Structure formats: structure tokens, C-alpha cells
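Structural description and commentary
The primary structure of each chain is shown beneath.
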Amino acid sequence: SYTRMQTNLFPEVLFPRITIIADAGQLPIDRMMITVTKPLESAVKRVQGVTVVKSSTNRGVSTIDIFFDWGLDTYAKKIQIESRINEIKNFLPPDVNLSIEAMNQSLFPVYGYTLESDNHSQVAMRDQANLLLRPIFAQVKGISNVVIRGGRAKDFVVIPDPLKLSSLGLTPSVFIDVFNNNNFVLSNGFISDYRRMYLSLTDTRVNDLDELNDIILKNDGKRIIRLKDVATVEIQEQQEFVIINANGSNAVLVDLVKQPGVNLIDFAKDVEEKAIEARKILPKGYELKPYYNQSAFVDESISSVVETIYEGLILALIVMVVFLRSWRSSLVVMLTIPVTLAFTILVLYLAGITINIMSLGAIAASIGLIIDDAIVIIEQIYRGHEDHPEKDRFTIVKEAIHGLFPAMVGSSLATIVIHFPFRLMSGLAGSFFRELSDTMQLTMVTSFLVTWLLLPVLHLMIGYKASLKPHTHTATESVNRLAWLTWFFNKPIIAGMLVVGLISSAWWASNKLETGFLPELDEGTIVLDYISPAGTSLEETDVICKDIEKIIEVNPDVESYSRRTGIHMAFTSDPSNIGDYSIQLKHDRKKTTDEVINDLRKDIEAKVVAMDEISFGQRIADLLGDLLSTPEPIQIIIFGDDYELLKGFATKADELLQEIPGIADINNGLVTAGPSIIFLPDQEKLSMYNISLVDFQTQLTAYTAGVPLGLNANVATPSPFQAAMTGGLQIGQIQDGEQMRRILLRFIDVEDNNLEQLKRQLIFLPDGTTRPLSFFCDVKIIPGEIEYRREDLKSAVVLTARMENIDLGSAISAIQHKLGAELPLPQGYTIEYGGAYAEQQQSFKELLTILSMAILFVFGVLMFLFKEWRISFLLLFISVTAISGCILALFIVGIPLNVSSYTGIIMIVGIIAENAIFTINQFRQNMKATNDVDQSINYAIALRIRPKLMTASGAILALMPLALGIGLGAQMQQPLAVAVIGGFIAGLPLLLLVLPSFLRVLYKRKA
């Protein structure tokens, strides 16, 4: 079963979000809002199950995020969204392109390579990636997509000579007409001849540079004018508005995306085998290097969790050997544990649960409880042999199991029923910790079955020793030896003071306890997002980035890095002044990922002042944030009607956030597009010279190096509108081997162009004569426009930030206080807080409900078992009071209250109740025999003190590797382990002192 189970970092989660990116060239923001964004918002709002619709509108690009209730099939919802969009497609601009994706973990690459070369061009690198590497990696089992980024394509560029064109009476439209009627291969139909069928084709394809030069532009019977007579034709590298860099050199990225439900470890092994094959056939001078491997992190995380299971198990077994002082009994437990774990794996496989750090972490956290079950049984049998050596071993085992069975059922139910309410938990935390809860629940069931059915059999086979000596002391002597403890039982004031002290100190600690959302993993991979000032050219952004790279390269903890400029790893649309770095840290580094981030942030902010904004995160955490809403944990949304006022509030809020210690990487949400050059044609002059507006625009395009094909940077599925410019007016294509190359008409290279030169460029009249551009139009420059954002059809600005050496709860509290005091908003304007904080608040509300229900379920188990209100309420009070120990432990260790630690708090209610059940069971048996309250309580404590100390010590030591957070995967369950250990420590005095003291008070009054 284990070999057949999928292995991933986290459980496979279907995120309730679908993103639409609409590209409409370079439409102004106000036109995009009216013609694209609002119609799409209205259309998708009609889909059933939609909860929130968010949009951002930039120049020519709209991004619509549609959120649903958790648990819905987003792939089915995607089909419904596409259907609604098709209904309104005729009302959208005719040239708008849509890319729609259901957001999930498999949308992003899990393995990435860089193709680098010192002696090959970028064109050659890109060709090798597309023609050689893509087919090889496409053979990997379970692959969804091979995404190639970087390098350059090859273009055939036609550069006309304006003077020659004018002297011959030709215009740029001639090129368009000629290529529209040339360079094609079309079918004429079939011809039958002599019993054979032939396909007839007309082939006018241009095959090479010579044939391109010889294309006839004009033939009036007197003279043939060919392309080479009026223009220069060159082969050039495509003008890209994207830069891909790996370790300081231009490179091509090969990103591999796996299909949902595919085992990540097996996928990575297949990828590595294909990479070896690819290296063998790559020509000399190329290097294929891995730059990102999620499976390595997953493998290491899972291995570390497995190690914590081994370590905790060994420590707990040592405790058991010390207490039992019998190698036979210890061996019985040792054999029981692997059977329980194997049984658990089988049940998990049948239940469809995968191997991940949540399910394995649940098993690691359950080791102490598994041993607890075994200890209780073996200790009871062991004591039966000591007390009654005259009885045969079969009778002893039968009596021990018969006497303990009701308590066994009740104690197991107490730890099982607390997990039932976790089914109600929603959101990302619910998806993750529900799997943890399910795994623990199944583990407890298998543990009960194995200890009930198998452990007694193993004892009969190997755990029994006939020469076992009888007790050297009576039960009364056992009580007398604990006189120091039983002395407290008739002084309930001491027990009351202990309870009040525990609750008071926990209340005090809770007010100072840090809070968070999900535990942070030390991934060893950093994502650095950057934004240069709006309108900064690609080349200038590249220069600024090289200053950043100098800082990255000298950091001793950095192993390698890759950089994207003009695109992002996330499914977003980006202009050329935005990009990100993926930084891989060394495995044997001395600093944590957060410490390296802090060092890099300080150095870059101090030395690279030209960069407008930078933001740091860890890759997997950012991926989850991207899938939810935003990678930044802090999100501040200001709603209002007037966007100009909103921009002012965002700027003011930005200034206030800068003043709060611990708030870093602040982004005010005001994304500015670069400045625009507006051409205002004089239509009277154009009509006077018989120049249509379309012809004027076409000629202008050939001078301004074309219009963008789009700005989408989808990491998973390359869109038809990638972040590239045409670099001229495309007039045709040439087949070059297995690829199609563009034919561009361009009067001037992009790098040589400028506004003043553009004004002097010549516009051709129909007769071939020319006039300067400035003769036909006015030219003006306008500043960049601000991106418009909306949420549920209401205007908003969204500020984001990260934290540095501060917890989420304290950060939000400081922000709320600062903005509430110094950012007064007029009526109709409101502030909401999203991101990780919103998820945390939702999860905490649900966890409080789950805790309440767990308490009720435990109370139901106690009533079912004992059928007595007094005892049930007392045990419930003891179990809930043990939560004080959880809170104190979290406070002392410095771990925030988050979803993981909250789960540990809920667990401790069932665990303490489980331990108390055996004491009450023993007490009730004593009462039946003696009807003496004091004697029954003293005997019950005397008989149960050894198993209690064994189970508490064993559980604490079993959880200690998790609590220390050793290894990557253990960090996710570290808060849970610390909370449970704190509950166990507080539970010992509650069970050994408070429970008997209060029990005595109850029964004395009853008597």
C-alpha cells in the first residue's frame, strides 16, 4: 500500500478560485474597464456558487479572480464560466484574447532547469530548448506541460529605404498587399488520372533569404522591382521584452508542470532520467542545470518526519523498559507498534489519503497515544501476574482484558470523537488539517484494534514468564508509599489553588501569546519580487537588477538563482518593469531562510535605491498565497466610490505603515503603467491626401516597432499572447525547419528610435510622395495611468506587506491601531483586512466551534461510559483545564497560536479524558468492592500512578522530536507537539492531585 500511495508535500487541494486574464492590446484603462472588465464581472457573477469577484484593470489587460465556496468542483465551474463568457463574447472588443485557469498546485512548475551556454547565441539556445528538450521532457509520465522561457527567436526583417520607395512611387501598403498574395501553399482539390488520385497544390512559399529578396513588388511591363531593390533584408534576433537570467548569464528556463494526482517523487525520478538522456544528446557548449526541485524539499521533509517517528518511538520505548523492568513485556509492545503502523498505512491507502507532511505528521503525533494504549494493556496484564501468580496466564489475560474493556472503548472513543468536528473546517487550513485529523482518527482506531486483539496474543506467546515472582508488598503498602500524595486528597483547597493558578497564568499568557495562521517552513528557496519605477525600460530594469545580483552573489548562503524580467512565476500579467528572482540557498547553510531574507532585504534596500519596490517570500508559501489570493500575508483593502480619493488614502496608508516596526515589503497597490505617447491625427489633412486612418496607423506601426502581443506570463500554459513585442509590422512568415519565422517590416530598430526622430519620419501618400509625421498629427506625452481594482463591483485599493520579526496578530493589531487613529475615512469608505489574517480569523472561529463540539462529544462519551453526571462533569473540567498547560507551553517556547497549535489544544481535551477514564474505572471497581471513598480513591491512584507516569513520559518523549522542530516537515507539526506536551505536563498534577481531591469532595457530599 505504501508503495502505491501518492507522495506530495501537502494534500492535493482543489482551490476555489478561477482566474481570467483578458488581453486587448493597449486599450486605455477607462476603455478596458467599460468594454472588458465590467462585462466579464457581470457574466461570471451569474455562475452559481460564486462568493467574491475581484478585478484589476490595467492598460490593455484585465485580470478577473472568481472565488467559490470550498468543496466545489472548480473544473466544472470553469466550464460554466466559459459558457457565460461565450454568451457575451460578441459584446467584447473583437481582438480580445482570454486565458482562463482553475487555480491549483499543479498549475506551477515542480521542477525547473536552466539551459546555459557561453558560446551559443540566444536563438540557438531557444531552438535547442524547443526542438530537443521539450520533446524529451514531454515523455515524462504524468507531465502536464513543458514551459520554455527565455532565449530569442529568429526574425527576417525587411528594412525599406524611404527615398527609394518614394522615387518609385511605392508605399508600405505594397509590402502588405504583395505578402498577402504570396508566400502560401493552398490546395486546389483532387485530380484523378490513370486510376490514381492526385492532390493539386499551389505552392508560392518563400524558403530562404535569397527567395525573400527576389519577391516582386511591382512589374509594370517596363521594369521589375524586387524587394532587394528598395529594402535591405536581414536575419535578426527577435526583439523581446522579456529577460531570463540564470546566475548572471542569459539562459533559457525549462519549467516542468505535473498533472494533478501524480506522485511527485516518481515524477522527479522520471524527470532526472530524461535530463541524463538530454545531456547526452545536447551539442557541445550547452549546460543543463536544475534550478528548482520541489521533490527534493518534499523528500527531505517527509524523511525528516519519518525520522521523528523513529526517534520518538525509540525514546518512548526506553521509558517503557525503565518502568516495566521486563524485556519480555517491552518486546510485546515493540512488536505491537510496527503492526499498528502497518495497519494504519493500509487503512490510509484504502481511505485515499496520500503520503505528505500532514498525514505523516499525524502519525508522528500519534506515536505517544499508540504506546499509551499498549502500555495500559500490558501494565494491567503485568500487574495481574504480580498480584495473582497462582493463576494461569490465560486467566490473567482474560480477566485483564475483561476488566479494562469498557475503559478501553471509552478512552479510545475520547481521542477519536474529538476529530469528528474537523470535518466542518473550511479553507486552506481545513483542507490541510482535516487530513491530519482523519489520519489521527484512523490511527487511533487501528491502535485500539491491535492492542485489544493482537497484544494479548503476543503476551501469551512471548511476554509471559512462569517464574514471575509475586508482589513483595500489598495494595495497602502501595498506598502507604504514596502517603505524601494521598495527604493532599483531603485538602481540596490546595487542588483549587492549583487550578486557579493554572487558569490565571494561562489567561495572562494568552494575552501575550503571538498569533499566526499556518506554521512557517524553512524551505531554503526564496522568491524576490521587484518593481522598478513605472515606465522604466527593459534595459534599464536589467541594469538595476544586475546591482541586485551583485548582492545575491556575494551572500555566502546562496547557491544559485534565476531571474525573470517582464514575466512572473505567478499567473499574472506584467509589464517590463516587473519581475522576480528564484533564489536557491545552500543545504548546509548556517542561517535560516528568514534570516537570509532579512540580510538580503537590508543590503538591497541600502544599496539599490533605484528599485521602486522589493518583496521577499518563500516559494511554496508564496505559491499557496498566490492560489488563495495574494502571496503577502498582510492585505489591507480600502473601499470607496471615488478612485482619486482612494489613491490618496493608499498613499497616506503607505506612509503610516512605514512607521510601524516589523512591517516590511510594503506595496501601496497603486500599480502605474508607463507614460504614453498619444498621436492625434489631423483627419482633415489625411482625408485631403487620401490617407485613411487605417493606412496611417499601419505606417505608424512600422515606425514605432509594433504593438505588444500581450503581457500575460502564465507559468503553466503559455498563452497565445506572450510578453513580447512584434518588433515591427508582421507581413508574413517563413518556414525554417520545424519552426515558423516571422517576416517583419521595420523602418527603424527599437533601440535606435526616439520621439524626436519619430516626428521626422515620413508618411507615404498614395502616389508615393511623402510628408513628415508631424505634418499629419500632433504628438503629446501623458503620464502613466493607475491600475483600477474592484471587488464585488466596488472600487478598491489593495495594500500588501510582509512581516519581519513580528507575528501576524501583533502586526495586524498595530496596523489597525495606526490606521484607525491617523487615517480618518469619510462616510462610505471602509477598510477590510484580507490575506493570511482573514484566513486566520475564519480558521480560529471554526476551531473554536470545533473545540466546543469536541468538548461536548467527550462529555457524551463520559456519560455513555459512566452514566453519571458528577463524574462526567468533573472529568470534563479536568480535561478542559489542561488547555492551560498548552497555552503556557506555547508562551514559554515562543510559538504562536496558529492552526497547528490550536489543533493540539483540541487534542489534549480527548487525551486527558482518556487518561482519566482508567482512573475512574479503577475507582468504581474499588467502590464496588469496599464502598469506602477514601480507600477507593487512594487505591485507584496507587494502582494507576505507574501507567500514568509511563504514558505521560512516553508521549512527551515521543513528541519531543516534533516539538524541537528538527527537520523540514516537523516544523508544520511543531506547534501541535508543543501544545500537547504542555497539556500532558499540566495534566499530570490535574490527574494525580486535582482529580482525586475533587472526586473525594463529590462522593463525600453524595454519601
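Residues numbered from 1 in each chain as written. Predicted model: local features only at pLDDT ≥ 70, side-chain atom pairs only at ≥ 80, totals over all residues. Heavy atoms only, no water.

1. Thoughts on unusual backbone geometry
Excluding glycine, residues mostly have negative phi values, and the peptide bonds linking residues are mostly trans. Even without being glycine, Asn247 reaches a positive phi, approximately 55 degrees. On the secondary structure map, Asn247 appears in the loop between β13 (243-246) and β14 (249-250). Given a relative accessible area of 33%, Asn247 falls into the partly exposed group. A positive phi angle is found at Asn690, which is not glycine, with a value near 55 degrees. As for its placement among the helices and strands, Asn690 is situated in the loop between α22 (683-688) and α23 (693-703). (Helix = DSSP H or I, 4+ residues; strand = E, 2+ residues; numbered from the N terminus. Buried < 20%, exposed > 50% of the residue type's maximum accessible area, 1.4 Å probe, protein only.)

2. Notes on a nonpolar patch on the surface
Together, Val185, Phe190, Met197, Leu199 and Leu201 make up an exposed nonpolar region whose accessible area comes to about 530 Å². For the nonpolar patch, the elements supplying multiple residues, two or more each, are β8 (185-193) and β9 (196-203). (Patch = residues over 30% accessible without salt bridge, like charges linked within 9 Å, V, L, I, M, F, W, Y side chains within 5 Å. Areas by Shrake-Rupley, 256 points an atom, 1.4 Å probe, with all protein chains shown as cover. Salt bridge = Lys/Arg side-chain N within 4 Å of Asp/Glu carboxyl O.)

3. Topic: the packing of helix α17 (residues 492-512) against helix α29 (residues 883-893)
Packed helices, taken two at a time, are described by the angle their axes make and the gap between the axes. Packing of α17 against α29 leaves a shortest axis separation of 8 Å and a crossing angle of 45 degrees. Taken together, the axes of α17 and α29 lie oblique to each other. In the crossing of α17 with α29, the sense of the turn from one axis to the other is left-handed. Along its contact with α17, which presents Leu502, Ile503, Ser505, Ala506, Trp508, Ala509, Ser510 and Lys512, the element α29 presents Ser884, Ile887, Leu888 and Phe891. (Axes fitted to C-alpha atoms, helices over the stretch in contact; angles between N-to-C directions. Parallel < 35°, antiparallel > 145°, perpendicular 65-115°, else oblique. Left-handed = near helix turned anticlockwise from the far one by under 90°. Contact = heavy atoms within 4.5 Å.)

4. Section: α17
Helix length check: α17 (21 residues) gives 31 Å between terminal C-alpha atoms against 30 Å at 1.5 Å per residue, within 8%. Where α17 is concerned, the buried positions are Ala495, Val499, Leu502, Ala506 and Ala509. Across the axial projection of α17, the buried residues extend over an arc of 105 degrees, all falling on one side. Opposite the buried face of α17, at more than 90 degrees from it, the exposed residues are Ile493, Met497, Val500, Trp507 and Asn511. (Expected span 1.5 Å × (residues − 1). Arc of directions from axis to C-beta.)

5. Notes on the environment of Gly982
Within the secondary structure, Gly982 sits in helix α32 (residues 970-1006). Sequence-wise, Gly982 and Ile956 are 26 residues apart; in three dimensions their C-alpha atoms are separated by 8.9 Å. Sequence-distant contacts of Gly982, defined by excluding residues within four places in its chain, comprise Gly885, Cys886 and Ala889.

6. Notes on the side chain of Asn598
Along the chain, Asn598 falls in helix α19 (residues 593-607). Its relative accessible area of 14% is what places Asn598 among the buried residues.

7. Examining the pairing of strand β18 (residues 558-565)
Taken residue by residue, a regular strand's side chains alternate between the two faces of the sheet. Of all eight residues in β18, seven are buried, a share of seventy percent or more. Sheet analysis places β13 next to β18, joined by four bridges and oriented antiparallel. Pairing of Ile243 across the sheet is with Thr565, part of β18. Note that β18 and strand β19 (residues 578-585) share seven bridges and pair antiparallel. Pairing of Arg564 across the sheet is with Asp580, part of β19. (Pairing = 2+ DSSP bridges.)

8. Considerations on the packing of aromatic side chains
Any two aromatic rings considered together are summarised by their centre-to-centre distance and by the angle between their planes. In total, this model carries 23 aromatic pairs according to the counting rule given. On the numbers, 4.8 Å between centres and 35 degrees between planes, the contact of Phe859 with Phe873 is tilted. One end of the pair, Phe859, is in helix α27 (residues 835-866); the other, Phe873, is in helix α28 (residues 869-881), and 14 residues separate them in sequence. Assessed through its relative accessible area of 14%, Phe859 is described here as buried. Take Phe873: its relative accessible area is 47%, and that puts it in the partly exposed class. Ring pairs connect the aromatic residues Tyr111, Tyr113 and Phe137, which therefore count as one cluster. Lying across the ring of Phe775, Lys685 places its NZ or CZ 4.4 Å from the centre. (Phe/Tyr/Trp six-rings, centres within 6.5 Å; stacked < 30°, edge-to-face > 60°. Lys NZ or Arg CZ within 6 Å of the ring centre and 35° of its normal.)

9. Quick word on the confidence of the model for the chain
Across the chain, the average pLDDT comes to 85, with 94% of residues at or above 70. The weakest mean pLDDT in the chain belongs to helix α15 (residues 475-481) at 59; the strongest belongs to α29 at 94. Low pLDDT, under 50, characterises residues 467-473; the stretch is placed with twelve contacts to residues that sit more than four places away or in other chains. Across residues 706-725, where pLDDT falls below 50, the model places 82 contacts with residues more than four positions away in sequence or in other chains. (pLDDT = per-residue confidence, 0-100.)

10. Side note on helix α20 (residues 619-628)
Of all ten residues in α20, nine are buried, a share of seventy percent or more. What α20 keeps buried is the set Arg619, Ile620, Asp622, Leu623, Leu624, Gly625, Asp626, Leu627 and Leu628.

11. Digging into the pattern of salt bridges
In the structure shown here, the tally under the stated rule is 31 salt bridges. Residue Glu868 pairs with Arg924 through a salt bridge whose shortest N-O separation is 3.3 Å. With Glu868 in the loop between α27 and α28 and Arg924 in helix α30 (residues 899-930), this residue pair connects regions lying 56 residues apart in the sequence. Among the residues examined, Glu868 registers a relative accessible area of 14% and is labelled buried. One continuous salt-bridge network, built from bridges that share partners, spans Asp127, Lys154, Asp736 and Arg741.

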